[in-house]
Amino acid sequence: MLAFLWMPMNQTTAGRQNNRWHKPGTDIATWPKRKQQRMKLYSCAKCQNLLYFENSVCLNCGSPVGFNARKLSMVTLVAGNDKVLADISNPDETWRYCDNSAFAACNWLIPALHKTGYCIACDLNRIIPDLNNAENLDKWRRIETAKHRLVYSLLRLQLPVASKEGEEEAGIAFDFLADTNPQKKVMTGHDKGTITLNIEEADEKLRVKHKLDLGERYRTLLGHFRHEIGHYYWDVFFKTNNHALLDFRKKFGNESADYANALKRYYENGVPPDWNNHFISPYASSHAWEDWAETWAHFLHMMDTLETAYSFGLAVNPRKAKDAQQLQANMSQDPYTIGNFDEIIKLWLPLTFAVNNLNRSMGHQDFYPFIISPEVIEKLRFIHKQVYNFSPVA
């Protein structure tokens, strides 16, 4: 039985029971086709009040609401007996909240008759911090908010999302750890599908300090997740596919180059002066694997941001500009349904230019502190192709 095992230390081990209902390939008919549209702008089915992705209750009418990961939509609920809730629009569909809702850390739903107590996103957790510590609990909630947005993106992309329970080699596991020894800090990273995150990354002050110390232009919890999961999907796409691996090397370089030595050179010698022409970030220049992970994270940034812009019906239509036509963008199509990457770039560049100007009008730094070179665009196009053509194996 999936449960939290409270221990006299600052980590908590989370066991899990295999949760196969959510895996692409096991029940393909339940998954949305790419041509279907799933919007991040949600509303309460009872009163039509707008909802955020993280809402568990409608703030207007008080109805319980939750996220249905099967249909990638918010559901307005009617309370029943024994924690069972019914979809107000379809009473035959009954649900329970994920067990982590008890900690205000999750608003995702599981079928009422399903054996596991955890949703697809929380089922991936292997170790979480000791929640008896109030600071740990607050950090973990922030971490789960970012992680749930990551899992949403993976589901929209129809990528395999499975816990390591019963699939130790192929699955995903998250270990959220706190430092126990000031001389030996927990390092955020990836190892064979296990993603470790130091929970201090949920401390805004410390994260900003790390960002400045390391000279990074962008550092968020969600960014960490998107980067580290990129390493996992590198294995999914290329580890056993020699043809795809050769294509990868043409774009990103040879991943078999010694990784430890590559990082040592990066930290000792710094980045090449022309890195902007070849990489999305300085760190991407360190090794082919990191170039992939950084570019993968950027691809997810683009897709989710454009989906939100599409949901709100945003458009960029400059009133005056010498090259106004190049800055026009009408978010009229869900980016997750676009097969031509050129169309995505045509939407992305005007949107980020406009939002950067809005930020500057408020005295903030650029919302989008990146320069996308033609070479980086080709890398992003390569990732888009891998994802768009990916078919889960039943």
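Residues numbered from 1 in each chain as written. Predicted model: local features only at pLDDT ≥ 70, side-chain atom pairs only at ≥ 80, totals over all residues. Heavy atoms only, no water.

Comments concerning the packing of helix H6 (residues 288–311) against helix H7 (residues 341–361)
Any two packed helices are characterised by how steeply their axes cross, that is the angle between the axes, and by the distance between the axes.
And then number 1: For the pair H6 and H7, interaxial distance at closest approach is 11 Å and the crossing angle is 75°. With respect to their mutual orientation, H6 and H7 come out roughly perpendicular. Contact residues: H6 offers His 298, Phe 299, His 301, Met 302, Met 303, Thr 305, Leu 306 and Ala 309, while H7 offers Phe 341, Ile 344, Ile 345, Leu 347, Trp 348 and Leu 351.
And then number 2: Here the contact of H6 with H7 is built from residues that sort into 11 nonpolar, three polar and no charged. (Axes fitted to C-alpha atoms, helices over the stretch in contact; angles between N-to-C directions. Helix = DSSP H or I, 4+ residues; strand = E, 2+ residues; numbered from the N terminus. Parallel < 35°, antiparallel > 145°, perpendicular 65-115°, else oblique. Contact = heavy atoms within 4.5 Å. Nonpolar A, V, L, I, M, F, W, Y, C, P; charged D, E, K, R; others polar.)

Thoughts on the sheet that holds strand S5 (residues 65–68)
And then number 1: In space, the five strands of this open sheet follow the order S5-S6-S7-S8-S9, with antiparallel pairing throughout. Bordering the open sheet on either side are S5 and strand S9 (109–111), each of which pairs with just one other strand. Along the sheet, successive strands turn relative to each other by an average axial angle of 50°, direction set aside.
And then number 2: Strand direction decides the pairing type here: strand S8 (residues 90–97) and S9, joined by three bridges, are antiparallel. Each residue of the ladder has a partner; that of Trp 95, found in S9, is Pro 111. (Pairing = 2+ DSSP bridges.)

Topic: helix H4 (residues 242–252)
And then number 1: Looking at H4, one finds that the buried residues are Ala 244, Leu 245, Phe 248 and Phe 252. All buried residues of H4 lie within an arc of 100° about the axis, which places them on one face of the element. Residues of H4 that are exposed and point more than 90 degrees away from the buried face comprise Asn 242, His 243 and Lys 250.
And then number 2: Packed against the buried residues of H4 are helix H3 (221–238), H6 and helix H8 (374–388).
And then number 3: A distance of 3.3 Å separates the backbone nitrogen of His 243 from a side-chain oxygen at the start of H4, and that oxygen is part of Asn 241.
And then number 4: One or two positions beyond H4, positive phi appears at Gly 253, with a value near 100°. (Buried < 20%, exposed > 50% of the residue type's maximum accessible area, 1.4 Å probe, protein only. Arc of directions from axis to C-beta. Polar contact = N/O pair within 3.5 Å; in protein donor to acceptor, adjacent residues only side chain to side chain.)

A look at unusual backbone geometry
Trans peptide bonds make up most of the peptide bonds, and negative phi angles are found at most residues other than glycine.
And then number 1: In this structure, Gln 158 takes a positive phi of about 60° despite not being glycine.
And then number 2: You can see Gln 158 is positioned in the loop between helix H1 (134–156) and strand S11 (173–177).
And then number 3: Gln 158 sits in the buried class, given a relative accessible area of 17%.
And then number 4: For Lys 192, which is not glycine, the phi dihedral falls at a positive 50°.
And then number 5: Of note, Lys 192 is situated in the loop between strand S12 (189–191) and strand S13 (194–198).

Notes on the side chain of Glu 144
And then number 1: Here Glu 144 shows up in helix H1.
And then number 2: Residue class for Glu 144 comes out buried when judged on its relative accessible area of 1%.
And then number 3: Ignoring any residue separated from it by four or fewer positions in sequence, one finds Glu 144 in contact with Ala 105, Cys 122, Asn 125 and Phe 176.

Side note on the side chain of Ser 63
And then number 1: Along the chain, Ser 63 falls in the loop between strand S4 (50–51) and S5.
And then number 2: For Ser 63, the contacting residues outside a window of four places in its chain are Lys 46, Ser 56, Val 57, Cys 58, Thr 76 and Leu 77.

Some points on the nonpolar core
And then number 1: Ranked by internal contacts, the top residues of the largest apolar core, which has 92 residues, are Trp 108, Ile 229, Tyr 233, Trp 292 and Trp 296.
And then number 2: For this core, the element with the most residues is H6, which contributes 10 residues.
And then number 3: Apart from residues no more than four positions distant in its own chain, Trp 292 is found in contact with Gly 230, Trp 234, Phe 237, Phe 238, Phe 248, Phe 252, Phe 382 and Ile 383.
And then number 4: Grouped together as the second largest cluster of nonpolar side chains are six residues, Val 75, Leu 77, Trp 95 and Tyr 97 included. (Core = buried A, V, L, I, M, F, W, Y, C linked by side-chain atoms within 4.5 Å.)

Some words on the environment of Phe 248
And then number 1: Here Phe 248 is to be found in helix H4.
And then number 2: The sequence separation of Phe 248 and Ala 288 amounts to 40 residues, and the corresponding C-alpha distance is 9.2 Å.
And then number 3: Those residues within four positions of Phe 248 in sequence are excluded, and the remaining contacts are Trp 234, Phe 238, Gly 253, Glu 255, Ala 288, Trp 292 and Phe 382.

Quick word on the pairing of S13
And then number 1: The buried fraction of S13 amounts to five of the five residues, a majority that puts the element mostly inside the structure.
And then number 2: Residues Thr 194, Thr 196 and Asn 198 of S13 are buried on one face, and the alternating residues Ile 195 and Leu 197, pointing to the opposite face, are buried as well.
And then number 3: The sheet contact formed by S11 and S13 spans five bridges and is parallel. Bridge pairing in S13 places Asp 175 opposite Thr 196.
And then number 4: With three bridges joining them, S12 and S13 adopt antiparallel strand pairing. The residue of S13 that forms the bridge with Asp 191 is Thr 194.
And then number 5: The turn joining S12 and S13, which pair antiparallel and follow one another in sequence, is formed by two residues; a positive phi near 50° is taken by Lys 192.

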